[in-house]
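Each chain, written out:
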Amino acid sequence: MIDPLLLFDVILGLAIVSLAVTVLVVRDRFAMIVLVIVFGLMSALAWVRLAAPDVALAEAAIGTGLTGALLLATWRQVRTEPERWPALPQGVMVINMGLCALVLAGLVGAFLATPLGTPGLGVAVADNLADSGVEHPVTAVLLNFRAYDTLMEVVVLLVAVIAVWMIDRGVSQAPQPTLGPELGDLPRGFARLVLPAITVIGAYLLWVGTSAPGGAFQGGAVLAAVGILLLLTQRYQPQPSHRPLARGVFVLGAAGFATVALLVAGGGRVPFEYPADHAKTLILLIEGLVTLSIAATLAALFHGREPEAISTQGGRS
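Visitor: Would you mind going over the side chain of Thr297 with me for this structure?
Guide: Structurally, the position occupied by Thr297 is in helix α11 (residues 279–303). The contacts of Thr297, once residues within four sequence positions are left out, are Leu157, Val161 and Phe250.

Visitor: What's the story with helix α6 (residues 137–145) in this structure? I'm lost.
Guide: The α-helix winds at 3.6 residues per turn, so residues separated by three or four positions along the chain end up facing the same way. Regarding α6, the residues found buried are Thr139, Ala140, Leu143 and Asn144. For α6, the angular spread of the buried residues around the axis is 100 degrees, confining them to a single face.

Visitor: Sorry if this is basic, but what is going on with α11 here?
Guide: With 25 residues, α11 extends 36 Å from end C-alpha to end C-alpha; this agrees with the ideal 36 Å at 1.5 Å per step. For α11, a buried count of 18 out of 25 residues is recorded, marking the element as mostly surrounded by other parts of the structure. The first or second residue beyond α11 is Gly304, which carries a positive phi of 100 degrees.

Visitor: Would you explain the confidence of the model for the protein in this entry?
Guide: Any segment with low pLDDT has predicted coordinates that should not be analysed in fine detail. Looking at the protein as a whole, its pLDDT mean stands at 83, while 87% of the residues score no less than 70. For the protein, helix α8 (residues 185–208) is the element with the lowest average pLDDT, namely 82, and helix α2 (residues 29–49) is the one with the highest, namely 92. This model gives residues 173–181 a pLDDT under 50, and the stretch forms 23 contacts once residues within four places in sequence are excluded. With pLDDT under 50 throughout, residues 309–317 is counted as low confidence; its partners more than four residues away or in other chains account for 22 contacts.

Visitor: Which parts of the structure should I look at to understand the environment of Gly68?
Guide: Assignment of secondary structure puts Gly68 in helix α3 (residues 53–80). Excluding anything up to four places from it in sequence, Gly68 contacts Ile33 and Ile37.

Visitor: I tried to follow the nonpolar core on my own but got confused; where do I start?
Guide: Here is a general trend for soluble globular proteins: nonpolar side chains tend to be buried in one another's company. Residues Val161, Phe257, Phe272, Tyr274, Ile286, Val290 and Leu298 are the most contacted members of the largest nonpolar core, which totals 37 residues. Listed by contribution, the elements that provide at least two residues to this core are α3, α6, α7 (147–171), α9 (216–232), α10 (243–266) and α11. Once you skip the residues sitting within four places of it in the chain, Val290 turns out to touch Val154, Ala216, Gly253 and Phe257. Among the nonpolar cores identified, the runner-up in size contains eight residues, and Ala191, Ile198, Leu205 and Leu229 belong to it.

Cut-offs used in this document
- Every chain begins its residue count from 1, and numbering advances along the sequence as written.
- Owing to the predicted nature of the model, reporting of local features is limited to residues with pLDDT of at least 70; listing and counting of side-chain atom pairs is limited to 80 or more, with chain, interface and lining totals taken over all residues.
- Side-chain measures here rest on the full set of heavy atoms in the structure, leaving out hydrogens and waters.
- Per the convention used, a helix needs a DSSP run of H or I reaching at least four residues, while a strand needs a run of E reaching at least two, with both numbered from the N terminus.
- Residue contacts are defined here by distance: any two heavy atoms, one from each residue, within 4.5 Å place the two residues in contact.
- Throughout, exposure labels follow a simple rule: accessible area from a 1.4 Å probe, protein chains only, divided by the maximum for the residue type, with under 20% read as buried, over 50% as exposed, and the rest as partly exposed.
- The arc under discussion is defined with respect to the helix axis, by the directions toward the C-beta atoms.
- One less than the residue count of a helix, multiplied by 1.5 Å, gives the span that helix is expected to have.
- The predictor attaches a confidence to each residue, called pLDDT, with possible values from 0 through 100.
- In these notes, a set of buried Ala, Val, Leu, Ile, Met, Phe, Trp, Tyr and Cys residues joined through side-chain atoms within 4.5 Å is what counts as a nonpolar core.

Structure below.
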């Protein structure tokens, strides 16, 4: 008799591959975005089936929810302001296709070159988990055993929001676009109902990350949804006077991460070799700062333009 779960996994895998192919060939932009969102949801379900709840949470929150929101916001800009988005030159498209082909070839080569039965790092992580300062192996890897990689991921987000603001400054001298007409009473009422719950969930994911699936990226993505809802319902509108605070929060995660590494190194240890008595406290401190930076950065990426670059007369200040 066929195992129902095995049949489900086969159908799920085929659905993911079919969605990926459809996303590449569909011509309608809105349909493509919807398919990307569905693809993310199916991928999150696949990670759950692979017993990787941390990755599933990140995929659902960032890869599906926030990425879908960013794509929809971009689609609205492309639809309403086509003159700002000229078609890419044919040469650029060819170069992009060539780079994608090289990346794909590298991934396939790495996969084929990996010997069958190669042991992973699970045993090594389990053997050193007691010295990491946390109880969850994923958090131990991200914030202790390979903290340099996580620091670079935080820096990438910082560079992304800087690049978006800088590029937009040179694209147009037009006034800053709004997110659309104010939403009705029902969406605003829904926002008032769910915003406290979302905030609590984001804080919980941050706190529980030391001992269970969760952490800074998942908590930050959920808190970013709070900012996006505030923007959509126009309960909050970025003002020029908010620029210093926004920039400070963007940098907070990377700066706090690097500062802890330098302080630890200054005590005669290797960077990120936390003292055993303070390891959990330092990791929670880093995750708290990174969560705030991730939330603010993702919300700012959704908003798009740098708010202080617009004057009240509709031109650049």
